[in-house]
Amino acid sequence: MSEEKSHKVLFVGLLLVTCALFFLVAVLLWWIPYVGLANIHRALPALLAVFFGILLLLAVGGIFSIVLTLIFKKDLLLSKRLRGAVIKVIFPVLILVGKLFGISKEKIQHAFVEVNNDIVMAQAGHIRPERLLLLMPHCLQNYECTVKITGNVDNCKRCGQCKIKDLVEMAETYGVNLSVATGGTIARRIVVEKKPRIIIAVACERDLTSGIQDSYPVPVYGIFNIRPHGPCFNTQVDLTKVEKAMRHFLQGGA
Ligand code: SF4
């Protein structure tokens, strides 16, 4: 099984475990006051059972919808709302459940970004180049380069000592926006200024996760940076992944 697939299996597995835990809690919440409720009104235990049953059906339906989106890579059943639910509700719960099973936060973040990517890909319509933003981390720039590219990437002298040169040329070729951010605050400011319809962001697991959450409802397609020298230092990016994602969105998901 590929690494990407195993991350998605982990995500779906955690979702199922969460659902089972939720079911147990719901049964307990229903069963404990059962006798007391029946004393108030005979129909109350049944009503409560229906209420928890509906909650459970919604949870199972949500998981089913996520799995279908991951398998068919198409916008199926409610997946527009689903992305919001995954970002705001499901992911924080999965971090907690993952902790119970000793699964690292980084692993769950990795899985979250990949699941988010599939949903973003599935929902993408045709995006005009000027509404697509490539958002890069500052650590892609060669550490010894003295040119200030945050604020204006066109300051890059295109010496080829880092991938910023290739990204500037790629952005020119496709007519998309390219920005470099030194951190979350600057990244948020860039998003507010450029008002993109979609963002392709390169960063580590932690920054991509917070970026996806902070930018919601603007969809973010995340690409993990490569860290041959450790985090935040002369990092690299697979340019073919950036170009492939960009083409997908510019061609309307074709
Ligand atoms: S390609 Fe641009 S950013 Fe990278 S080292 Fe050269 S001048 Fe600096």
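Details of the structure are given in the entry above.
Residues numbered from 1 in each chain as written. Predicted model: local features only at pLDDT ≥ 70, side-chain atom pairs only at ≥ 80, totals over all residues. Heavy atoms only, no water.

### Notes on the overall build of the protein chain
Line of reasoning, step 1. Along its length, the protein chain carries nine helices and four strands.
Line of reasoning, step 2. Its helices and strands in sequence order give the protein chain the pattern α-α-α-α-α-β-α-β-α-β-α-β-α, from N to C terminus.
Line of reasoning, step 3. Relative to its full complement of 254 residues, the protein chain shows a buried share of 43%.
Line of reasoning, step 4. Within the protein chain, contacts between residues at least 6 apart in sequence are counted, and of these 67% link residues at least 24 apart.
Line of reasoning, step 5. Carbon and sulfur atoms provide 63% of the accessible area of the protein chain, an area that totals close to 14200 Å².
Line of reasoning, step 6. The average position of the 29 basic charges and that of the 18 acidic charges among the side chains of the protein chain differ by 8 Å. (Helix = DSSP H or I, 4+ residues; strand = E, 2+ residues; numbered from the N terminus. Buried < 20%, exposed > 50% of the residue type's maximum accessible area, 1.4 Å probe, protein only. Contact = heavy atoms within 4.5 Å. Areas by Shrake-Rupley, 256 points an atom, 1.4 Å probe, with all protein chains shown as cover. Lys, Arg positive; Asp, Glu negative; His and termini not counted. Charge placed at Lys NZ, Arg CZ, Asp CG, Glu CD.)

### Looking at the packing of helix H6 (residues 164–174) against helix H9 (residues 239–250)
When two helices pack together, their arrangement is given by the angle between the helix axes and by the axis-to-axis distance.
Line of reasoning, step 1. Taken N-terminus to C-terminus, the directions of H6 and H9 make an angle of 15°; their axes are 12 Å apart at the nearest point. Classified by the interaxial angle, the pair formed by H6 and H9 is roughly parallel. The way H6 lies across H9 gives a crossing that is right-handed. Across from Asp166, Leu167, Met170 and Tyr174 in H6, the residues of H9 making contact are Leu239, Val242, Glu243, Met246, Arg247 and Leu250.
Line of reasoning, step 2. Looking at the contact of H6 with H9 residue by residue, the classes come out as seven nonpolar, no polar and three charged. (Axes fitted to C-alpha atoms, helices over the stretch in contact; angles between N-to-C directions. Parallel < 35°, antiparallel > 145°, perpendicular 65-115°, else oblique. Left-handed = near helix turned anticlockwise from the far one by under 90°. Nonpolar A, V, L, I, M, F, W, Y, C, P; charged D, E, K, R; others polar.)

### Comments concerning a nonpolar patch on the surface
Line of reasoning, step 1. The grouping of Phe22, Val50, Phe51, Ile54, Leu55 and Leu58 at the surface amounts to a nonpolar patch, some 540 Å² of accessible area in total.
Line of reasoning, step 2. Within the element layout of this structure, Val50 appears in helix H3 (residues 44–72). (Patch = residues over 30% accessible without salt bridge, like charges linked within 9 Å, V, L, I, M, F, W, Y side chains within 5 Å. Salt bridge = Lys/Arg side-chain N within 4 Å of Asp/Glu carboxyl O.)

### Concerning the pairing of strand S3 (residues 198–203)
Line of reasoning, step 1. Counting buried residues along S3, six of its six residues qualify, which places the element largely inside the surrounding structure.
Line of reasoning, step 2. Here S3 shows no split at all, with Ile198, Ile200 and Val202 on one side and Ile199, Ala201 and Ala203 on the other all buried.
Line of reasoning, step 3. With four bridges connecting them, strand S1 (residues 132–137) and S3 associate as parallel partners. The residue bridging Leu135 from the neighbouring strand is Ala201, located in S3.
Line of reasoning, step 4. Two elements, S3 and strand S4 (residues 220–224), share five bridges in a ladder whose sense is parallel. Note on S4: the bridge partner recorded for Ile199 is Val220.
Line of reasoning, step 5. Between the parallel elements S3 and S4, the chain passes through helix H8 (residues 205–215) in a crossover that is right-handed. (Pairing = 2+ DSSP bridges. Right-handed = clockwise from strand over helix to strand, strands pointing away.)

### Let's talk about the packing of aromatic side chains
In this description, an aromatic ring pair is defined by two values, namely the gap between the centres and the angle between the planes.
Line of reasoning, step 1. In total, this model carries four aromatic pairs according to the counting rule given.
Line of reasoning, step 2. Residues Tyr143 and Phe233 carry aromatic rings whose centres are separated by 4.8 Å and whose planes lie at 55° to one another, so their mutual orientation is tilted. Placement of Tyr143 in the loop between S1 and H6 and of Phe233 in the loop between S4 and H9 is noted, with a sequence separation of 90 residues between them.
Line of reasoning, step 3. Judged by its relative accessible area of 30%, Phe233 falls in the partly exposed class. (Phe/Tyr/Trp six-rings, centres within 6.5 Å; stacked < 30°, edge-to-face > 60°.)

### As for unusual backbone geometry
Line of reasoning, step 1. Cis geometry is found at the peptide bond from Tyr216 to Pro217, where omega equals 15°.
Line of reasoning, step 2. Positionally, Pro217 belongs in the loop between H8 and S4.
Line of reasoning, step 3. Of note, Arg158 is a non-glycine position whose phi angle comes to about 60°, a positive value.
Line of reasoning, step 4. Tracing the backbone through its elements, the reader meets Arg158 in the loop between S1 and H6.
Line of reasoning, step 5. Look at Arg158 and you get partly exposed, because its relative accessible area is 29%.

### Considering the sheet that holds S3
Within a sheet, neighbouring strands are paired by backbone hydrogen bonds and run either parallel or antiparallel to one another.
Line of reasoning, step 1. The four strands lie next to each other as S2-S1-S3-S4, forming an open sheet whose pairing is parallel. The open sheet is flanked by strand S2 (177–181) and S4, the only strands paired with a single partner. Adjacent strand axes in the sheet meet at a mean angle of 20° when their direction is disregarded.
Line of reasoning, step 2. Note: S1 against S2, five bridges, orientation parallel.

### Some words on H8
Line of reasoning, step 1. Considered for burial, the residues of H8 that qualify are Glu205, Leu208, Thr209, Ile212 and Ser215. On an axial view of H8, the arc spanned by its buried residues comes to 150°, and they lie on one face. (Arc of directions from axis to C-beta.)

### Thoughts on the environment of Asp154
Line of reasoning, step 1. With respect to the helices and strands, Asp154 occurs in the loop between S1 and H6.
Line of reasoning, step 2. Distance from Asp154 to Ile164, taken between C-alpha atoms, is 9.9 Å for residues ten residues apart in sequence.

### Observations regarding the nonpolar core
Line of reasoning, step 1. In terms of nonpolar packing, the biggest core is built from 37 residues, with Phe11, Ile66, Phe112, Leu135 and Ile199 touching the most fellow members.
Line of reasoning, step 2. By residue number, the principal contributor to this core is helix H4 (residues 79–100), which donates eight residues.
Line of reasoning, step 3. Beyond its immediate chain neighbours, meaning those up to four positions away, Phe11 contacts Val86, Leu94, Ala111, Phe112 and Val115.
Line of reasoning, step 4. By size, the runner-up hydrophobic cluster in this structure holds 32 residues, among which are Val153, Tyr221, Met246 and Phe249. (Core = buried A, V, L, I, M, F, W, Y, C linked by side-chain atoms within 4.5 Å.)

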